[in-house]
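Structural description and commentary
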Amino acid sequence: MSVPSNMQKVKCLEDLDALAKAYLPGSIWEFGSTGAENNLSREGNRRAFDDIWLQPRILKDVSKRSIKQDLLGKTYDAPFGIAPMGASAMFGFEADLNYARAAKVANIPFVMSGSALIPMEQVAEANSDVWFQAYVDADRDSIAALSDRVWQAGIKNLVITVDVPVPGNRKVSLRKGFEYPMRPGLGIAIDALSHPRWLFGTFLRTLLSSGLPHIENYGPERGIPIISMKAPERKHIRDGLNWEDMKWLRDRWQGKLLIKGVLSPEDTKTAAATGLDGLFVSNHGGRMLDTAVPALKALPEIAAEKGAMSILFDSGIRRGTDVVKALALGADFVFIGRPFLYAAALGEQAGVAHAIELLSQEVYRTIAQLGCTELDELGDRLY
Ligand SMILES: Cc1cc2nc3c(=O)[nH]c(=O)nc-3n(C[C@H](O)[C@H](O)[C@H](O)COP(=O)(O)O)c2cc1C
């Protein structure tokens, strides 16, 4: 797939930021890019990577190196995947389908968000290996109904996000008008009209092809529209969710079951004892609890308690060297959020494919420079 013309100058993932900022209305850009409160955890994620150094080894014959990695019974072509991101289809036309298609072609995992605006059945049709991330209420009947729907869609890997007992405090995006549902008004209209490429390329195109986007995947049925004058704000009743619910779901769910948003070794021990297949070490890209520890800093002590689980990691990865550092510190696999969101907004499937290719090349180059032929040799390249 050729690189989209508007992404010809994108030579690394961070090149996407400025282009996405120019393309998107301010409310949508702020919703995607910011963290909670003072952005300390979001920025801390980056600093944590910058504080780690690598020690190359030389003359190792790395001509036959590979960046393939096994995860939960499958071999992927790269050790990274696409993290779940809600409302992606407000950023880019059919973004969730484009993640799914690009991930399938590249043979990497894609976790679709429970807050996606495209029905899970359609995404699973585009990529039968798609994983599903659920936000669940503390109500077993509703968890059962949602997980039955996921299973019916043919999805086998279920991720429950557990770091949102209450919503993150993202006042910046709220101030700019992004909430569920968005309330139409003059401010939002001006914001949209002043970004005509997004207005025509994403929003009007979506309206014409499938109508007003809805929250599609919170339960067994379609939810509220994303833009509405009168739909009530969705109530969060997740604060009662607990480990007993996870045990109950473990007994009920026949596929792989993971949780996302773990930052403590104690919780890791409990997750292993609960029989989970894996967990995501993540501070949600800094979008939930501001000043939550950068996920990379928590990673080694969590990896030490993993038992039979797979350790997945996200929050802050932008470079091949970041991927390598997280693997060296104990992650089995890593996921990336915002850069893929921006790539889908700017270049649809080809944009996501370009971002995957850039990061793959960086990982492939980095392991050669470190004198490694396999990813499991990375552990002793930390300085
Ligand atoms: C716009 C946006 C929406 C997100 N929506 C979800 C979501 O629905 N569920 C979830 O578990 N995480 C969600 N996340 C968090 C990502 O899955 C991931 O943890 C985070 O983006 C990783 O950090 P990074 O963006 O620095 O790579 C979202 C992130 C962004 C940027």
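Everything below is about the structure printed above this text.
Residues numbered from 1 in each chain as written. Predicted model: local features only at pLDDT ≥ 70, side-chain atom pairs only at ≥ 80, totals over all residues.

When its secondary structure is counted, the chain shows 15 helices and ten strands. What you see for the chain is a C-alpha radius of gyration of 20 Å, in line with the 21 Å of a compact globule of 383 residues. For the C-alpha atoms alone, the extent of the chain along its principal axes is close to 65 × 50 × 40 Å. Within the chain, the fraction of its 383 residues that count as buried is 50%. Nonlocal contacts in the chain, meaning residues at least 24 apart in sequence, comprise 73% of its contacts between residues at least 6 apart. (Helix = DSSP H or I, 4+ residues; strand = E, 2+ residues; numbered from the N terminus. Rg over C-alpha atoms; globule rule 2.2 N^0.38 Å. Buried ≥ 20, exposed ≤ 12 C-beta atoms within 10 Å, placed from the backbone. Contact = placed C-beta atoms within 7 Å.)

Time to look at the site of the ligand. Residues in close proximity to the ligand total 24 residues, the closest being Ala 83, Gly 86, Ser 113, Gly 285 and Gly 337. Taken together, the residues of the shell around the ligand break down into six nonpolar, 14 polar and four charged. (Near = placed C-beta within 6 Å. Nonpolar A, V, L, I, M, F, W, Y, C, P; charged D, E, K, R; others polar.)

This part is about helix α15 (residues 338–369). The terminal C-alpha atoms of α15, which comprises 32 residues, lie only 27 Å apart, well short of the 46 Å expected from a rise of 1.5 Å per residue. Its maximal kink placed at Gly 347, α15 deviates by approximately 140°. Most of α15 is tucked away: 24 of the 32 residues are buried. Positive backbone phi, approximately 75°, marks Gly 371, located one or two places after α15. (Expected span 1.5 Å × (residues − 1). Bend = angle between axes of the 7 residues up to and from the residue.)

Attention shifts here to the packing of helix α5 (residues 95–106) against α15. Each pair of packed helices can be summarised by the angle the axes make with each other and by the distance between the axes. Running from N to C, α5 and α15 point in directions that differ by 15°, and their axes come no closer than 9 Å. If you check the angle between α5 and α15, you find them roughly parallel. Where α5 crosses over α15, the two elements pack in a sense that is left-handed. The residues of α15 that touch α5, namely those facing Ala 95, Asn 98, Tyr 99, Arg 101, Ala 102, Val 105 and Ala 106, are Phe 340, Ala 344, Ala 345, Glu 348, Gln 349, Val 352, Ala 353 and Ile 356. (Axes fitted to C-alpha atoms, helices over the stretch in contact; angles between N-to-C directions. Parallel < 35°, antiparallel > 145°, perpendicular 65-115°, else oblique. Left-handed = near helix turned anticlockwise from the far one by under 90°.)

So, about the packing of helix α7 (residues 140–152) against helix α11 (residues 243–252). Interaxial distance between α7 and α11 falls to 11 Å at its minimum, and their mutual angle equals 35°. When you trace α7 past α11, the crossing you get is right-handed. Counted together, Arg 140, Ile 143, Ala 144 and Ser 147 of α7 and Asp 245, Trp 248, Leu 249 and Arg 252 of α11 form the full contact between these two elements. Considered class by class, the residues forming the contact of α7 with α11 number four nonpolar, one polar and three charged.

Bringing the sheet that holds strand β10 (residues 333–336) into the picture now. Pairing in this open sheet of eight strands is parallel, and the strands run β3-β10-β9-β8-β7-β6-β5-β4 from one edge to the other. The two strands at the open ends of the sheet, each matched to only one other strand, are β3 (80–82) and β4 (111–112). Looking at chain direction, strand β9 (residues 310–313) and β10 are connected through two bridges and run parallel. Residue Leu 312 lies in a different strand from β10, and its bridge partner there is Phe 333. (Pairing = 2+ DSSP bridges.)

Turning our eyes to something else, we now look at α5. Residue pairs spaced three or four apart in an α-helix point in one direction, given the helix's 3.6 residues per turn. Here α5 contains twelve residues, and its C-alpha end-to-end distance of 16 Å stays within 8% of the 16 Å for a straight helix at 1.5 Å per residue. Burial within α5 is extensive, with ten of its twelve residues counted as buried. Residues of α5 that are buried sit in contact with β3, α4 (88–91), β4, α6 (120–126) and α15. Within two residues after α5, Asn 107 carries a phi angle of roughly 55°, on the positive side.

Our focus in this paragraph is the nonpolar core. Counting residues in each nonpolar core, the largest one holds 116 residues, and the members touching the most others are Leu 279, Val 281 and Ala 331. Of the residues forming this core, the biggest block, 15 residues, is contributed by α15. In this structure Val 281 touches Val 262, Leu 263, Ala 295, Ala 298, Leu 299, Ile 302, Ile 311, Phe 313 and Ala 331, once residues within four positions along its chain are discounted. (Core = buried A, V, L, I, M, F, W, Y, C linked by C-beta atoms within 7 Å.)

This paragraph deals with the pairing of strand β7 (residues 256–262). Remember that side chains alternate between the two faces of the sheet whenever the strand is regular. In terms of burial, β7 is largely enclosed, as six of its seven residues are buried. Judged from the four bridges that link them, β7 and strand β8 (residues 278–281) form a sheet pairing that is parallel. Each residue of the ladder has a partner; that of Ile 259, found in β8, is Leu 279. One crossover worth recording links β7 to the parallel β8 by way of helix α12 (residues 265–273), and it is right-handed. (Right-handed = clockwise from strand over helix to strand, strands pointing away.)

No statement about biological role is implied by the geometric values presented.
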